[in-house]
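Coordinate analysis (summary)
One letter stands for each residue in the lines below.
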Amino acid sequence: MIKPGGTIGILGGGQLGRMLAISAAQLGYRVIAYAPAGEAVIAQVCNEYIAADWHDADALKAFADACDVVTLEFENVPAAPLDAIADKLAPHPRALAIAQDRLAEKRFVADLGGTPAPFHAVDSRADLLAGIEALGTPAILKTRRDGYDGKGQWRIGSREEAEALDLPDTPCILEGFVQFECEFSVILARRADGTVAFWESSQNGHEDGILARSTLPGAAIIGQQVSEARKLAKAVADKLDYVGVLTLEFFASESGPIFNEMAPRAHNSGHWTIEGAATSQFENQVRAICGLPLGDTRRVAPRVVMENVIGPAAATAHEALADPAAHLHLYGKTDSPEGRKMGHITRLEWPEGDTSS
Ligand code: AMP
């Protein structure tokens, strides 16, 4: 167990790390963040920020030596240099190596009995055309690595489009287009002793490939499919001896839950847990990596809705507070181009006339 006053290292400098650092401070821990130079919004709320390259082995070692435990908020940290500090890392770099490659994560999940979207590895035009032949159209070509928020993705409507597409110069994966009723995620926290806690699965609505909204309770189909999805998420976590917070995203389809992707960290679709659950995903990540008991994950209001504040909308986001049910989080980013996640608003809603709140 890491005692109060101990130091948590966070790899990555974005909003997830920022919210994690706030929870760490609440539990009496110090935080040192490590990320390449650039706008690191975590620096506004942590004790120390080290701006260094992911491949700077000396800086990484000095960082780990100064920490009792190291976790991450960004899954595209190169996994290989982390092997040198693996004894401090929660989760272990092997979880990262799998989660940052769309092909590896689909194979991993399929081996555990899960059902990913139908897929085909694409390293050349010939592979792409073979994939289109096998999976049909429409299909989605995605880079295996580094894609996020719909970036690094191309929707392909026909074989002709596949022939004409300007292929990215990086390994890709072609996915069959899944017909789904809605999307949901399973977020769990797992301690080193194998104890697991799940949050309720929100229904996730995307716009332009970016999460726009998470709603609880979600559609009935989520309730019907969540136990199968949780079983898979737990199998993934157990197989990886996972310590920390793990997210698996699913499509709720007619034939059952279809695995989309996983993230070895807290997730945007879990931001509702800060006010909407008894214990947030960030607090339980801190508890899990520090060896503390996990907190109650139950939802605390009849209805909870989390909406992202994207791009220029951040400038007027304070207007949301005219609604007393709204909780606003702004991430402290200075630039607000279209498509950038700037903050989020969570509303806890009670039925009209209920004054217990
Ligand atoms: P991703 O970055 O893979 O999570 O994709 C972003 C969003 O694009 C997803 O949340 C879905 O709304 C949509 N999407 C991605 N892959 C597929 C697929 N194979 N079939 C249908 N929709 C998809």
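A few points on the structure.

Conventions and cut-offs
- Going along each chain's sequence as written, the residues are numbered from 1 onward.
- Only residues with pLDDT of 70 or above have their local features reported here, since the model is predicted, and side-chain atom pairs are shown and tallied only from 80 upward, although totals for entire chains, interfaces and linings are computed over all residues.
- With hydrogens and water stripped out, all remaining heavy atoms of the structure feed into the side-chain values.
- Salt bridge criterion: a side-chain nitrogen from Lys or Arg within 4 Å of a carboxyl oxygen from Asp or Glu.
- Secondary structure elements follow DSSP: runs of H or I of four or more residues count as helices, runs of E of two or more count as strands, with numbering from the N terminus.
- Burial classes follow relative accessibility: with a 1.4 Å probe on protein chains only, a residue under 20% of its type's maximum area counts as buried, one over 50% as exposed, and anything between as partly exposed.
- We call a set of buried Ala, Val, Leu, Ile, Met, Phe, Trp, Tyr and Cys residues a nonpolar core when their side-chain atoms join them within 4.5 Å.
- Residue ranges for the domains trace back to a domain assignment, done automatically or taken from a database.
- Should any heavy atoms of two residues lie within 4.5 Å, those residues are counted as being in contact.
- Being near a molecule or strand, for a residue, comes down to having at least one heavy atom within 4 Å of it.
- Throughout this description, a polar contact denotes any pair of N or O atoms lying within 3.5 Å of each other; where both atoms belong to protein, one of them has to be capable of donating a hydrogen while the other can accept it, and for residues adjacent in sequence the pair is counted only when both atoms sit in side chains.
- Three classes are used: nonpolar for Ala, Val, Leu, Ile, Met, Phe, Trp, Tyr, Cys and Pro, charged for Asp, Glu, Lys and Arg, and polar for all others, with Gly counted as polar.
- In this analysis, strands are considered paired if DSSP registers two or more bridges between them.
- The convention used is that axes are lines fitted to C-alpha atoms, helices contributing only their stretch in contact, and that angles between N-to-C directions extend from 0 to 180 degrees.

Before going further, it helps to spend a moment on the pattern of salt bridges. Side chains bearing opposite charge may pair, as long as their charged atoms lie close to each other. Evaluated as defined, the whole model comprises 20 salt bridges. For K234, the salt bridge goes to D238, with nearest N and O atoms at 2.7 Å. Residue K234 and its partner D238 are located together in helix α7 (residues 220-239), separated by four residues, close to a single helical turn. Classification of D238 by relative accessible area gives partly exposed; the value is 30%. Among the salt bridges present, the one from R287 reaches E283, with a minimum N-O distance of 2.8 Å. Within this pair, R287 and its partner E283 are both found in helix α9 (residues 281-290), separated by four residues, close to a single helical turn. For the pair shown, R287 and E283 are each scored as buried. One connected set of salt bridges, linked through shared partners, spans E207, R213, E307, D323 and R347.

All right, on to the nonpolar core then. Counting 39 residues, the largest nonpolar core has I8, Y29 and C290 as the members making the most contacts within it. Of all the secondary structure elements, the ones that give two or more residues to this core are β1 (7-11), α1 (15-26), β2 (30-35), β9 (182-190), β12 (210-216), α9 and β15 (303-310). Domain assignment of the residues forming this core places at least three in each of domain 1 (7-89) and domain 3 (182-349). Apart from the residues within four sequence positions on either side, Y29 is in contact with I2, K3, P4, G5, G6, I8, A24, V286, C290 and L292. Counting 25 residues, the second-largest nonpolar core is a separate cluster that includes A95, C182, F184 and L248.

Let us now look at the site of the ligand. Looking at the ligand, there are 15 residues lining it, with K142, Q153, V178, E183 and E261 nearest. A distance of 3.0 Å is found between an oxygen atom of the ligand and a side-chain nitrogen or oxygen belonging to R102. Between the ligand and V178, the relevant distance is 2.9 Å, taken from a nitrogen atom to a main-chain nitrogen or oxygen of the residue. Partitioned by chemical class, the residues of the shell around the ligand number five nonpolar, five polar and five charged. For the shell around the ligand, the domains that each give at least three residues are domain 2 (118-176) and domain 3 (182-349).

Once that is clear, we can look at the sheet that holds strand β6 (residues 139-143). In spatial order, the strands read β5-β8-β6-β7; together these four strands make up an open sheet with antiparallel pairing. The sheet is open, and its two edges are formed by β5 (119-122) and β7 (153-156), each paired on a single side. On average, each strand axis in the sheet is tilted by 20 degrees relative to the strand beside it, whichever way the strands run. In this sheet, strand β8 (residues 172-176) lies alongside β6 in antiparallel orientation, the contact comprising five bridges. Paired with I140 across the bridge in β8 is E175. Sitting on the sheet, helix α5 (residues 125-135) touches β5, β6, β7 and β8, and the angle it makes with β5 is about 170 degrees.

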